[in-house]
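The primary structure of each chain is shown beneath.
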Amino acid sequence: MTATQDRPAQEIGRDRRRKEDQRLITGRTRWTDNITLPGMLHLAMVRSPFAHATITSIDVEEAKASPNVVAVLSGKDFGDELGVNINAWPITPEQKTPTHSPMPADRVAFAGEIVAVVVARSAAEARDAAELVDVEYDEQPAVVGIKKALEDTVLAHPELGTNKSALWVFDSAEAGTGGDVEAAIAQARADGIVIEREYRQQRLIPAFMEPRSVVVDPTGEQLTMWSATQIPHILRFALAATTGVPESKIRVVAPDVGGGFGGKLQTTPEEWITWAVARRLSKPVKYTETRSESLMAAHHGRDQVQTLTLAADRDGRVTGFKVHLDADLGAYVSLVGGGVPVLGAFMFNAIYKFPAYRFECQTVLTNSTWTDAYRGAGRPEATYAIERMMDELAAEVGVDPLEIRERNWITHEEFPFTTVAGLEYDTGNYEAATARAKEVFGYDALRAEQRERRERGDRVQLGIGVSTFTEMCGLAPSRVLGSLDYGAGGWEHASVRMLATGKVEIVTGASAHGQGHETAFSQIVADRLGVPFEDVEVLHGDTQVAPRGLDTYGSRSLVVGGEALVKAVDKVVEKATRLAAHLLEASEDDLDYAGGRFTVRGTDQGIAIQELATAAFAAHDYPEDMEPSLDADATYDPVNFNYPHGTHLCAMEVDTETGKVSMRKYTCCDDIGTIINPLIVAGQVHGGLVQGIAQALWEEAVHDESGTLVSGSFVDYLLPTSADTISFDVVHADDPSVCTTNTLGTKGVGEAGTIASTPAVVNAVVDAVRHLGVRDIQMPCTPERVWRAIHANDGDAPTPGGAMPHFDEGALNQDGAAQ
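Residues numbered from 1 in each chain as written. Predicted model: local features only at pLDDT ≥ 70, side-chain atom pairs only at ≥ 80, totals over all residues. Heavy atoms only, no water.

## Structural notes on the overall build of the protein
Here comes step 1: Check the secondary structure of the protein and you find 22 helices and 28 strands.
Here comes step 2: Rg of the C-alpha trace for the protein: 28 Å, near the compact-globule value of 28 Å for 819 residues, within the 12% margin.
Here comes step 3: Oriented by its inertia axes, the alpha-carbon framework of the protein measures out at about 90 × 75 × 50 Å.
Here comes step 4: Across the 819 residues in the protein, those meeting the buried criterion constitute 61%.
Here comes step 5: Counted over contacts in the protein with a minimum sequence separation of 6, partners at least 24 positions apart contribute 80%.
Here comes step 6: Of the accessible surface of the protein, which amounts to about 29900 Å², a share of 48% is contributed by carbon and sulfur atoms.
Here comes step 7: Put simply, the protein has 72 plus and 118 minus side-chain charges, and the middle of one group is 2 Å from the middle of the other. (Helix = DSSP H or I, 4+ residues; strand = E, 2+ residues; numbered from the N terminus. Rg over C-alpha atoms; globule rule 2.2 N^0.38 Å. Buried < 20%, exposed > 50% of the residue type's maximum accessible area, 1.4 Å probe, protein only. Contact = heavy atoms within 4.5 Å. Areas by Shrake-Rupley, 256 points an atom, 1.4 Å probe, with all protein chains shown as cover. Lys, Arg positive; Asp, Glu negative; His and termini not counted. Charge placed at Lys NZ, Arg CZ, Asp CG, Glu CD.)

## Observations concerning the pairing of strand β12 (residues 285-288)
Here comes step 1: For strand β1 (residues 41-47) and β12, the ladder comprises two bridges, and the chain directions are parallel. Its bridge partner being in β12, H42 is matched across the sheet by K286.
Here comes step 2: For strand β9 (residues 213-217) and β12, the ladder comprises four bridges, and the chain directions are antiparallel. Of the residues in β12, the one forming a bridge with S213 is T288. (Pairing = 2+ DSSP bridges.)

## Focus: the nonpolar core
Here comes step 1: Ranked by internal contacts, the top residues of the largest apolar core, which has 98 residues, are F321, F348, Y357, F359 and Y666.
Here comes step 2: Apart from the residues within four sequence positions on either side, F321 is in contact with V181, L308, T309, L310, F348, F354, A356, Y357, R358, I386 and M389.
Here comes step 3: If you look at the next biggest cluster of nonpolar residues, it comprises 45 residues, including L579, Y593, I607 and L744. (Core = buried A, V, L, I, M, F, W, Y, C linked by side-chain atoms within 4.5 Å.)

## Re the sheet that holds β9
Here comes step 1: Strand order in the open sheet formed by seven strands is β3-β5-β1-β12-β9-β10-β11, with mixed pairing between adjacent strands. The two strands at the open ends of the sheet, each matched to only one other strand, are β3 (69-74) and β11 (250-253). Taken pair by pair, the neighbouring strands of this sheet meet at an average axis angle of 20°, ignoring direction.
Here comes step 2: Against the sheet, helix α4 (residues 123-130) contacts β1, β3 and β5 (114-120), and its axis sits at roughly 25° relative to β1. (Axes fitted to C-alpha atoms, helices over the stretch in contact; angles between N-to-C directions.)

## Here we look at helix α17 (residues 517-529)
An α-helix turns once per 3.6 residues; consequently, residues spaced three or four apart project the same way.
Here comes step 1: Across its 13 residues, α17 extends 18 Å between first and last C-alpha, which sits within 8% of the 18 Å expected from 1.5 Å per residue.
Here comes step 2: In terms of burial, α17 is a largely internal element, 13 of the 13 residues being buried. (Expected span 1.5 Å × (residues − 1).)

## Focus on empty space enclosed by the protein
Here comes step 1: In this structure the tally under the stated criterion is five cavities of 30 Å³ or more.
Here comes step 2: What the second largest cavity holds in volume is close to 80 Å³.
Here comes step 3: Lining the second largest cavity are R212, S213, V214, S227, A228, T229, G263, K264, Q266, T268, E270 and E271.
Here comes step 4: Listing elements by their share of the lining of the second largest cavity, those giving two or more residues are β9 and α9 (269-281).
Here comes step 5: Residue classes in the lining of the second largest cavity are distributed as two nonpolar, six polar and four charged. (1 Å grid on protein atoms, 1.4 Å probe; cavity = no way out; pocket = protein on both sides within 12 Å on 5 of 7 lines; lining within 4 Å. Points joined across faces, edges and corners; volume = space filled by probe spheres on them. Nonpolar A, V, L, I, M, F, W, Y, C, P; charged D, E, K, R; others polar.)

## Examining the environment of V154
Here comes step 1: Mapped onto the secondary structure, V154 falls in the loop between α5 (146-151) and β7 (164-171).
Here comes step 2: Along the sequence, V154 and Q140 sit 14 residues apart, while their C-alpha atoms lie 9.6 Å from each other.
Here comes step 3: If we ignore the near neighbours within four places in the chain, the residues touching V154 are P141, A142, V143 and N163.

## A few points about unusual backbone geometry
Here comes step 1: Here F415 and P416 are connected by a cis peptide whose omega angle stands at -5°.
Here comes step 2: When you line up the elements, P416 lands in the loop between α13 (401-408) and β16 (417-418).
Here comes step 3: That bond from A476 to P477 is cis: its omega, 0°, falls within 30 degrees of zero.
Here comes step 4: Looking at the element boundaries, P477 is found in the loop between β18 (460-470) and α16 (478-483).
Here comes step 5: For R302, which is not glycine, the phi torsion reads 60° and is therefore positive.
Here comes step 6: With a phi angle near 55°, E585 is a residue other than glycine that sits in the positive phi range.
Here comes step 7: Residue E585 is classed as exposed on the basis of its relative accessible area of 75%.

## Let's talk about the packing of aromatic side chains
Here comes step 1: With the rule as written, the count across this model stands at 16 aromatic pairs.
Here comes step 2: Centre to centre, the rings of F321 and F354 are 5.9 Å apart; their planes meet at 75°, and the pair counts as edge-to-face. Remark: F354 occurs in the loop between α11 (340-344) and β15 (357-364) and F321 occurs in strand β14 (residues 318-328); sequence separation between them is 33 residues.
Here comes step 3: Residue classification places F321 among the buried positions, given a relative accessible area of 0%. (Phe/Tyr/Trp six-rings, centres within 6.5 Å; stacked < 30°, edge-to-face > 60°.)

## Details of a negative patch on the surface
Here comes step 1: There is a patch of like negative charges on the surface, built from D59, E61, E62, D134 and E136.
Here comes step 2: Those elements that place two or more of their residues in the negative patch are α2 (61-64) and β6 (134-139).
Here comes step 3: Along the polypeptide, E136 turns up in strand β6. (Patch = residues over 30% accessible without salt bridge, like charges linked within 9 Å, V, L, I, M, F, W, Y side chains within 5 Å. Salt bridge = Lys/Arg side-chain N within 4 Å of Asp/Glu carboxyl O.)

## Re the pattern of salt bridges
Here comes step 1: Evaluation of the coordinates by the stated rule reveals 57 salt bridges.
Here comes step 2: Across the pair R459 and E657 runs a salt bridge whose closest N-O atoms are separated by 3.4 Å. In this pair, R459 is assigned in the loop between α15 (443-456) and β18 and E657 in the loop between β26 (645-655) and β27 (661-671), connecting sequence segments 198 residues apart.
Here comes step 3: Under the relative-accessibility criterion, E657 is labelled partly exposed at 29%.
Here comes step 4: One salt bridge in this structure joins R578 and D625, with 2.7 Å as the shortest N-O distance. Taken as a pair, R578 in helix α18 (residues 557-584) and D625 in the loop between α19 (609-618) and β25 (632-636) lie far apart in primary sequence, 47 residues in all.
Here comes step 5: Taking relative accessible area as the criterion, R578 reaches 28% and is therefore assigned partly exposed.

## Focus on the domain arrangement of the protein
Here comes step 1: Parsing the protein into structural domains produces domain 1 (3-28 + 491-636), domain 2 (38-140 + 211-257 + 264-297) and domain 3 (301-475 + 640-790).
Here comes step 2: Distance between the C-alpha centres of domain 1 and domain 2: 40 Å.
Here comes step 3: In total, about 1400 Å² of surface goes out of reach between domain 1 and domain 2, with carbon and sulfur atoms giving 45% of it.
Here comes step 4: Looking at the side of domain 1 facing domain 2, the largest losses of area belong to H513, T543 and D551, adding up to 37% of the total buried there.
Here comes step 5: At the boundary of domain 1 and domain 2, one finds two salt bridges.
Here comes step 6: Note that D256 and R23 form a salt bridge whose closest N and O atoms lie 2.8 Å from each other.
Here comes step 7: Our enumeration of links across domain 1 and domain 2 arrives at nine residue pairs in polar contact (both at pLDDT 80 or more).
Here comes step 8: Classifying every residue of the side of domain 1 that touches domain 2 gives six nonpolar, nine polar and four charged. (Domains from an automatic or database assignment. Buried area = accessible area lost by both parts, 1.4 Å probe. Polar contact = N/O pair within 3.5 Å; in protein donor to acceptor, adjacent residues only side chain to side chain.)

## Quick word on the sheet that holds β6
Here comes step 1: Strand order across the open sheet formed by three strands is β4-β2-β6, with antiparallel pairing between neighbours. In this open sheet, the two edge strands, each paired with only one partner strand, are β4 (107-108) and β6.

## Things to note about the environment of F208
Here comes step 1: With respect to the helices and strands, the residue F208 is situated in the loop between β8 (193-204) and β9.
Here comes step 2: C-alpha separation for the pair F208 and T782, spaced 574 residues apart in sequence, amounts to 23 Å.
Here comes step 3: Dropping the residues within four chain positions of it, F208 is found in contact with G258, G259, G260, F261, G263, K264, E289, R291, S294 and A298.

## Some thoughts on the side chain of T427
Here comes step 1: Structurally, T427 is set in the loop between β17 (424-425) and α14 (430-441).
Here comes step 2: Side-chain polar atoms of T427 contact the side chain of K747, separated by 3.1 Å.
Here comes step 3: Those residues within four positions of T427 in sequence are excluded, and the remaining contacts are F415, Y643, S737, V738, C739, T740 and K747.

What follows is the structure, given as structure tokens:
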């Protein structure tokens, strides 16, 4: 039989508008907060205003007397009934992990931690009554910021005896993947180049569009939880593991979810409290956070100090790279928070042929909001560090930043290539992506303009930033995750159901929250089965409908979930081949399959797969050794990560008198293998670019010295809008280096823009003023920080008007705390 994949694709590669958008943009969707059940009660959380304090007393009487209040409960009322919030990735056996109670009874460890819950008949009444709960605290010294945590003079959790949670180390000499980095650095100090830098990855807030919301209905045979989550299957497992309810009695539904960016890759105190209240009262219960609560208490991302040492010879060829990270976990070791910086360990070498490498990560606990995955999760931090360092090396050697990269990158003839971090990159063509990006960007012309501006001494200078990146994505394989002590696997599951009417139902364990799964998966199935795109329905996000799955994060939906789907479709075709041969009275070897129809080679006899679905349903005539069904399931566990890559080029203009920065042009060429839907890819890349650019220029979560979040609203936490950005030039490799470890040749794209764009922008800003003695500007590159960097060597030099420019932001110390 001729295989389906041998015929030309009709849907794959086609610009299709997303199926799901019609209901999303017309308000016909079902967000968790839209769910209303008979007799449903509403919750409001009482949160600590202190970052570190013991709870002296909680007086709930006035709140209880408020109109329509049903109950007011504290941690002492629940006891062990609440369960705990788990850490699924202890990165070392010695890791210090404080117990994370959803509602502590005696001590709070960050401002915003929940100390009581009010249950009322409406959300407004619950919030009003929460204001009346009188909590007395004995405030304790708080540790805020990485440097303070490392001193161990003030402890976030005194019972642990230290703020240091875990030290994770990778050394290429010890692993057998490369040489001794200390020897390389010593040699470079003698006759080469050594560059040492410290970079700060500021704390960020995922700031998803839809605030977190959870509804629990305990009244049926099963307990059902609806949650605005990225991980319904993992959430179900964690509830069963920590609350004592059998997994078979728990149903978790992630309905339409309004964004996540890693911020909903979490098991939250709010989910556990809502669950416990519903069980205790035997009533449906809903909790929806306010935007202020979301910014304060939903987990944050990034927050690292990177101490870097790069060794190279005089020609700029890197001989060794040493990385030490100090990573702030916040008050608790969250679901995968400790492992996020470890993911980056394998990417600091990026696209380069480094002969020696050492990575150390010290995680610390502080009295601030806990951190976990945020779009890219460890890989943007790694890419930022190495791409900033490559620019520094280029400046030291005196060559163009692209030339220094070319001297060090893996050439396309060298693939597959085993890196100094031990990963095997299967394919790549960094030369082609860079050439295409340069062409579209107009690199040489912009460099010429830059030289002219410098020669004239223009007030507004032009900088050009480069970022050449790769990433490990498609979080898997399970065996690799197991070797890193990750608490789950990396496989994904899919089912294909051929309905009697000829329509196709597919069930996936991937859980969408804005990616376009329903559209892309329908295109794959339509192409592979030869059925109309409109006849494919995608079901997901409900553990009763899709009982097996590991959900959505780490750019894994297409490359892992999509491959599971392909395998299930191929099983359907295999079953259908047997049935078609039987009904057509032909040998299977004599059948061709194309366009959804089996034909007997050399004849006009044939039968459509939809007709076979009906025949299987009727079961009047089928082979004796075959079940009367074409349905199939498949579970796919990759043998390797996949490695998209690209070159991003950015032109920034910097006003040297005011520090104002403006983006002139941004071009990226990403090689992501086979593209299923270019329109969806463009949306993913554009969104990712804006988030990465926002880290470079605008966003920063700031706690003051007492641990209070002072950027707790969108007045103080600066999220960009479309008015703040330009139109990007997004192109792709003309001849993509397709992934060799999956059938479709696809690679991840959801995080690429975020990973690559931040260093491209910062490199451009620094490049604009490097001739003025600037070699680094701490993110975000606000006008004040740029101005101060320019004038760092001239004391308190006034501006041309005689006074320092007015800045809206406050001065910040190295740990991001307000001074």
